[in-house]
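# Observations on the three-dimensional arrangement
The chain contents come next:
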There are 2 protein chains.
Amino acid sequence: MSVVGIISEYNPLHLGHLHHIKYARKATNAQGCICILSSNFVQRGEPAIVSKWARIQMALFSGADLVLELPSAFSCASAEYFSSGAVSILQSLGVVDYLCFGSEEGNIDALETAAEQFAYESESFKKTLKNGLSEGLSYAVARQKALETVLINNNSKIGPNDYNDTKVNNVISAIGKPNNILGIEYIKALKRLKSPIKPVTIKRIGEDYNSLERASTHSSATAIRKHIQDVFNSNSSYNQDTFLNNNLSKECLKVLLDEFSSGRGPVFPEAFESMLLYAFRIKSADEICSLPYMEEGLENRLKEAAMESISYNELVRKTVTKRYPASRIKRILFSMLTGMTGEFLNELKNNGYSQYIRVLGFNETGRALLSEMKKRATLPIITKPASYNELDNKLSVKLFEHEARATDAYVLGYPVPKERIGGMEFITSPIYFK
Amino acid sequence: MSVVGIISEYNPLHLGHLHHIKYARKATNAQGCICILSSNFVQRGEPAIVSKWARIQMALFSGADLVLELPSAFSCASAEYFSSGAVSILQSLGVVDYLCFGSEEGNIDALETAAEQFAYESESFKKTLKNGLSEGLSYAVARQKALETVLINNNSKIGPNDYNDTKVNNVISAIGKPNNILGIEYIKALKRLKSPIKPVTIKRIGEDYNSLERASTHSSATAIRKHIQDVFNSNSSYNQDTFLNNNLSKECLKVLLDEFSSGRGPVFPEAFESMLLYAFRIKSADEICSLPYMEEGLENRLKEAAMESISYNELVRKTVTKRYPASRIKRILFSMLTGMTGEFLNELKNNGYSQYIRVLGFNETGRALLSEMKKRATLPIITKPASYNELDNKLSVKLFEHEARATDAYVLGYPVPKERIGGMEFITSPIYFK
C-alpha cells in the first residue's frame, strides 16, 4: 500500500486542511494517509484551542487513516525541533512513501535548495549566520541572510545566468514564509536521515497562515481562533455561527462545538495567565535559564516583564524584541508550564528525537497500516495507555511522562472546572473510527 | 517607656482585637504598643483576606504605635515557627516589657506549666510523644497526650492532692484550644530565649477562634471572612452590611471596603487554585518532599489529590487525614506557592528565626520607640525598601527575597487584574500615621 504522511496541528481543522488531505492522497496516489498530529501545545507556543482528543476526531472525519502523536516536547517547539520530531516519527514507521505539506511556495525545488544548505551548513554559511546573530537579528532572519549570501556567492561562481538568478531569488523570497520554513525543515530532516520518504508540496489556498483576514470560506486557523475568542469574550453563542459554518466541515464543526458545550474548550493562552505570571515571578534566574530557547540576559527580561505585567499578553509584549520574536517567547513560557528544559530537549535531539510511536486514532485502513508497522517500525509502538509501562528505555519513559505532565497542565485551561481532572494520558485509549 | 508587644494577624481586625489592644495597654500600664503583624500569608496556611498594607492601617487606627512585620516564612507556619519567629523579633527590639496575647484559658498559670514541659521536653515526654505519632495521631494530639501522661505522673509522685489534680486537669483541658496553643508556644519561645519579656494573657471574648457562629458584635475573624466570601460569591454589595458594621470599627471597616472597591481584596485561597493544582501536578515527588511540614508518603498523597481534584477545596479535602490536619496541608500548599522549603525554614530556626526587624507603620509614639530601638536592637532594622540593600548577612537577604516572592504571588490573588503588579515589596514604604 502506498502511504502519504502529513504533519498537522488542525487547530482547528478547516476547509484548507481538508483540501490538503484530499490533494495529498490524489497527488501521490496513496491508499493510506498517516497524520502526525500536534499534541495539546502547538508550534506557535500556545495551547491548542481544543485538546488532541477532539482534533484526532477531526482528522479521522477528514480523511486520515491513522493519527499518531507529535509529543508536546516537539509540537510546542522551534521549527527545527518540531520538524525533526515529526519526521523522526514518520521515518520510524517503515511504511511511509511520501510526506506532503502545504507551503506558500507550492514548488518543491526552491525548498529543496534551501534545505540542502541548512542540512549541511558550509563554513561561509555558519560565519554569516553568526555575524547576523551578533548584530542582534533573530535566528530566522539571520539564517535567511546567511542563505542569501551563500546562494549569491555560489551563483556568481557559476557565472552570470538568468535562470540561476531567478532561482536564487525564488529561494530567498521563499524562506521568509512560515509554512515554507516548516517545509524546508521537513526536507532538511529527511535529508539528514537519508530518508527514502519523498517530499511533496501543495500551494496553500486561502489566507496566509498568520492572517487575521476573514475570508468567506478559506480563513486561516489563526483567523478562526480569533473569531472563536471574540465570540467567547462577548459571551455569545457559537450555534448558527455563519463564519464557522463557512470555514469548517459539518463534521469538524460538530466536534468543535461538542467540546465547547462540554466545557473542554475553547482553550486560550490567557487561561494560563496566573500560572505563567506566578512561575516567572517566583522562579530563580537559574531555573529560567534551564528552559529551552533561552540565551543569556533573556532570563532577566522575562522576570522583569512578569513582575510588571498583569496579563499574559502584556508579559509577551514586554519581552518581545527584534531578536526575541513572540513565537520564541511563547515557546519559552509554555516550556515552563510543561516542565520542558533545554537539557532534556537536547538529549532527545542527540537520541534521534522521538522515542516512540503513539497511536491516537485509526480507521480500518489505519488498522492495516498498524499491522504493517508492527513488523517494520524502528521505535516502540504505544497503542494503549498501559503500553507506557512496557517502554524499556529511560528516555522514552521520560518523554511520555513529560507528555502526561503537559496534559495535566493543559486541562487546567478548560473553561469548566469539572473537566480539569488530571491523569488523562494514563486512561485515554486511541479512537477507533468506523 | 513601658512597652507591650502583641502578636497579631488582624485578618481582619475586629472588635475583639480592639478590646485586646485596649486591655493589653491597660493591664500592663504600657505607654507604647508594638504589634508584630502577619505578612500576606497567615498561620492557618492561607492568604490574608487583605494585604498587610491594609491591615497595618487597621492596627494603627486601633491603638498600635508601631507595626512590625512577621515575614511570611513565619506567619504562614506551624504554631512553633510562627511563635518563635514573632518572639525572636520582640526579643530583638530591646524595648519590650510585656507580651500580651488572647487565649481561651485567660489565666497564665496553666499555659506556663505546659510551656515549661514543651520548652524542656523530658525523656518520658519524648517517648510518649513518639508513641502517639507512630499510632498515627497528629502532632498536636500526640503532644497533648504526652503532656497529659507526664503531668499525671509528676502529680502522682507528689501524692494525691486535690489542688494539683485540678491544676493538671486545667492544663490538659487548656492545651487543645487554638489560641492557648499559640500562647503556650509564645511562653515556650520566651523561656528558651531566657527573655525578660513577661507574658500576660487575656481571656478571649466572643466566639471561638474557628467558630462560624455569627454573633451580633463579637464574631470570630473566621466567621467574618466566611461572611465576606458569601457576599462576594453572591455578587452582593458590602455597603450597608449590618454584620460587618456590627463587628468592625468604623475605621477598620473603611480600610477593608476601600481595599475591596480598589480591587485588591477580598483575597481567598481559591484565587490560587489553578497555580496550586498546576504546581502539585507538575512538580516531582522530590520537589514536593523539599517543602516544610512534609513526611514520607505525603508527597504521593498530595500529587494524587492534585491529579484528581478540580478545586482548591477538593485538593485539601482529598489530602486531609487524622494525621495530616487541614492547617498542615494548607501550610504545605502555600509554602509551595511562596517557594519556602523545609531546609530554609530549618536554617532560619538554627539561626535564631528572624534575621531583621521590618518596620511597616508607626505613629508619633512609634517613632520614639524606633529611636530607642535603633540604640538597643540586636537585629538590623529595615525602615525603607532600600534598606534591603544594606543587609549584610546572606540569610537575611534570602529571607527578604522570600518575602518579596511571597508578595509577588499574593497579588496574583487580587480580584482585579490591574492591581496584580509584582515587585511591591521593593517600592512600598512604611505608613506614617498622624
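Each chain has its residues counted from 1, running along the sequence as written. Each chain takes a letter, starting from A, and each ligand takes a number, starting from 1, following the order in which they are written. In keeping with the predicted nature of the model, local features appear solely for residues at pLDDT of at least 70, side-chain atom pairs appear and are counted solely at 80 or more, and the whole-chain, interface and lining totals rest on all residues. Here the side-chain values reflect all heavy atoms present in the structure, with hydrogen atoms and water set aside.

Each helix corresponds to a stretch of at least 4 residues labelled H or I by DSSP, and each strand to a stretch of at least 2 residues labelled E; elements are numbered beginning at the N terminus. Across its full length, chain A holds 20 helices and 10 strands. The reference for a compact globule is 2.2 Å times residues^0.38; the radius of gyration itself is calculated from the C-alpha atoms. Taken over the C-alpha trace, chain A has a radius of gyration of 21 Å; the compact-globule value for 434 residues is 22 Å, and the two agree within 12%. Dimensions of chain A, computed from the C-alpha atoms along their principal axes, are close to 65 × 55 × 50 Å. Partly exposed residues are those whose accessible area sits between 20% and 50% of the maximum for their type, while under 20% is buried and over 50% is exposed, using a 1.4 Å probe and protein chains only. Of all 434 residues assigned to chain A, the portion counted as buried reaches 59%. Within chain A, counting contacts between residues at least 6 apart in sequence, those at least 24 apart form 76% of the total. Using a 1.4 Å probe, the Shrake-Rupley method yields the accessible areas, and only the shown protein chains count as cover for residues. With the model as given, the accessible surface of chain A reaches about 17500 Å², and the carbon-plus-sulfur share is 50%. Positive charges come from Lys and Arg alone, negative charges from Asp and Glu alone, with His and the N- and C-terminal ends not counted. Think of each charge as sitting on NZ of Lys, CZ of Arg, CG of Asp or CD of Glu. Taken together, the 51 basic and 47 acidic charged side chains of chain A have centroids lying 2 Å from each other. Residue contacts are defined here by distance: any two heavy atoms, one from each residue, within 4.5 Å place the two residues in contact.

Counting from both sides, the interface comprises 24 residues of chain B and, opposite them, 24 residues of chain A. A combined buried area of about 2200 Å² lies between chain B and chain A, and 64% of that area is made up of carbon and sulfur atoms. Note on definitions: buried area is the accessible-area loss of two parts on being combined, 1.4 Å probe, summed for both. The largest share of the area that chain B buries against chain A comes from Tyr278(B), Ile282(B) and Ile310(B), three residues that together contribute 29% of it. By definition, a salt bridge exists where a carboxyl oxygen of Asp or Glu is found within 4 Å of a side-chain nitrogen of Lys or Arg. Between the two partners, chain B and chain A, sit zero salt bridges. The element best represented in the side of chain B that touches chain A is helix H13 (residues 273-282) of chain B, accounting for six residues. Taken together, the residues of the side of chain B that touches chain A break down into 13 nonpolar, four polar and seven charged. Gly falls in the polar group here, along with every residue not listed as nonpolar (Ala, Val, Leu, Ile, Met, Phe, Trp, Tyr, Cys, Pro) or charged (Asp, Glu, Lys, Arg).

All names here are of chain A. That bond from Asn11 to Pro12 is cis: its omega, -5 degrees, falls within 30 degrees of zero. Topologically, Pro12 is positioned in the loop between strand S1 (3-8) and helix H1 (15-28). We note that Tyr10 has phi near 50 degrees; this positive angle belongs to a residue other than glycine. Assignment of secondary structure puts Tyr10 in the loop between S1 and H1. Using a relative accessible area of 2% as the deciding quantity, one classes Tyr10 as buried.

Further remarks concern the packing of aromatic side chains. Two rings from Phe, Tyr or Trp (for Trp, the six-membered ring) form a pair when their centres are within 6.5 Å of each other. A pair whose planes differ by under 30 degrees is stacked, one over 60 is edge-to-face, and the rest are tilted. For the structure on display, the rule yields 38 aromatic pairs over all chains. Both rings, one in Tyr238(B) and one in Phe260(B), keep their centres 4.8 Å apart while their planes meet at 50 degrees; by these two values the pair is tilted. Pair noted here: Tyr238(B) is in the loop between helix H10 (221-233) and helix H11 (242-247) and Phe260(B) is in helix H12 (residues 250-262), with a separation of 22 residues, a long-range link. Here the two residues Tyr238(B) and Phe260(B) agree in accessibility, since each one is buried. One aromatic cluster is present, built from ring pairs that chain together Phe41(A), Phe272(A), Tyr312(A), Phe334(A), Tyr410(A) and Tyr414(A). Comment: the charge-over-ring label is applied if NZ (Lys) or CZ (Arg) is within 6 Å of the ring centre and within 35 degrees of the ring normal. The ring of Tyr432(B) carries Arg367(B) above its face, with NZ or CZ at 4.6 Å from the centroid.

Residue and element names in this part refer to chain B. Tracing the backbone through its elements, the reader meets Arg44 in the loop between strand S3 (41-42) and strand S4 (46-47). Within the buried set, Arg44 has no salt-bridge partner at all; the shortest N-O distance to an opposite charge, 4.2 Å, is to Glu46. As used in this structure description, the phrase polar contact means that two N or O atoms lie within 3.5 Å; if the pair is within protein, one of them must be able to donate a hydrogen and the other to accept it, and residues adjacent in sequence are counted only when both atoms belong to side chains. Engagement of the side chain of Arg44 in a polar contact is seen with the side chain of Thr222, the distance being 3.1 Å.

What follows covers the pattern of salt bridges. Residue and element names in this part refer to chain B. Evaluated as defined, the whole model comprises 54 salt bridges over all chains. Linking Arg358 and Glu425 is a salt bridge whose minimum nitrogen-to-oxygen distance equals 2.7 Å. Note that Arg358 is positioned in strand S8 (residues 357-362) and Glu425 in the loop between helix H20 (394-410) and strand S10 (431-432), a separation of 67 residues in sequence. Take Arg358: its relative accessible area is 3%, and that puts it in the buried class. On the accessibility criterion, Glu425 (1% relative accessible area) is buried.

All right, on to the state of the cysteines then. As used here, a disulfide is simply a covalent bond connecting the sulfur atoms of two cysteines. Residues and elements named next belong to chain A. Here, the term disulfide refers to a pair of cysteine sulfur atoms separated by no more than 2.5 Å. Inspection of every chain in the model, using the stated rule, returns zero disulfides over all chains. With no disulfide of its own, Cys252 lies 11 Å from the sulfur of Cys35, the closest cysteine sulfur. Judged by relative accessible area, Cys252 falls into the buried class, the value being 0%.

Copies are brought into register by a least-squares superposition over C-alpha atoms of residues with pLDDT of at least 70 in both. Superposition record for chain B on chain A: RMSD 0.0 Å, screw rotation 180 degrees, translation along axis 0.0 Å. Each copy turns onto its partner about a two-fold axis. Taking C-alpha positions as the reference, the residue of chain B nearest the rotation axis is Met275(B), at 2.6 Å. With an isologous cut-off of 70% or more, the 100% of interface residues of chain B that recur at the interface of chain A puts this contact in the isologous class.

Right, let's talk about the side chain of Ser274(A) for a bit. Relative to the elements of secondary structure, Ser274(A) occurs in helix H13 (residues 273-282). Leaving out residues up to four positions away in the same chain, Ser274(A) has contacts with Ser274(B), Met275(B) and Leu412(B).

All right, on to the packing of helix H5 (residues 108-119) of chain A against helix H9 (residues 178-192) of chain A then. Residues and elements named next belong to chain A. Axes here mean lines fitted to C-alpha atoms, for a helix over just the part in contact, with angles spanning 0 to 180 degrees between N-to-C directions. For the pair H5 and H9, interaxial distance at closest approach is 8 Å and the crossing angle is 60 degrees. If you check the angle between H5 and H9, you find them oblique. Classified by chirality, the crossing of H9 by H5 is right-handed. Contacts from Ile108, Leu111, Glu112, Ala114, Ala115, Glu116, Phe118 and Ala119 of H5 reach H9 at Asn180, Ile184, Ile187, Lys188, Lys191 and Arg192. Should an angle fall under 35 degrees it is called roughly parallel, over 145 degrees roughly antiparallel, and 65 to 115 degrees roughly perpendicular, with every other angle called oblique. In this scheme the handedness of a crossing depends on how the near helix is turned from the far one: anticlockwise by less than a right angle means left-handed, clockwise means right-handed.

Another aspect to go through is the domain arrangement of chain A. Each domain span listed reflects an automatic or database assignment of domains. Domain annotation for chain A reports domain 1 (110-176) and domain 2 (269-344). A straight line from the C-alpha centre of domain 1 of chain A to that of domain 2 of chain A covers 31 Å.

Side-chain atoms within 4.5 Å are what join buried Ala, Val, Leu, Ile, Met, Phe, Trp, Tyr and Cys residues into a set we call a nonpolar core. Grouped together as the largest cluster of nonpolar side chains are 206 residues, with contacts concentrated most on Leu93(A), Phe280(A), Leu333(A), Leu93(B), Phe280(B) and Leu333(B). In this structure, Phe280(B) is in contact with Ile288(B), Leu291(B), Leu302(B), Lys303(B), Ala306(B), Ile332(B), Leu333(B) and Met336(B), ignoring residues within four places of it in sequence. Listed in part, the 39 residues of the second largest apolar core include Ala30(A), Phe243(A), Leu256(A) and Leu257(A).

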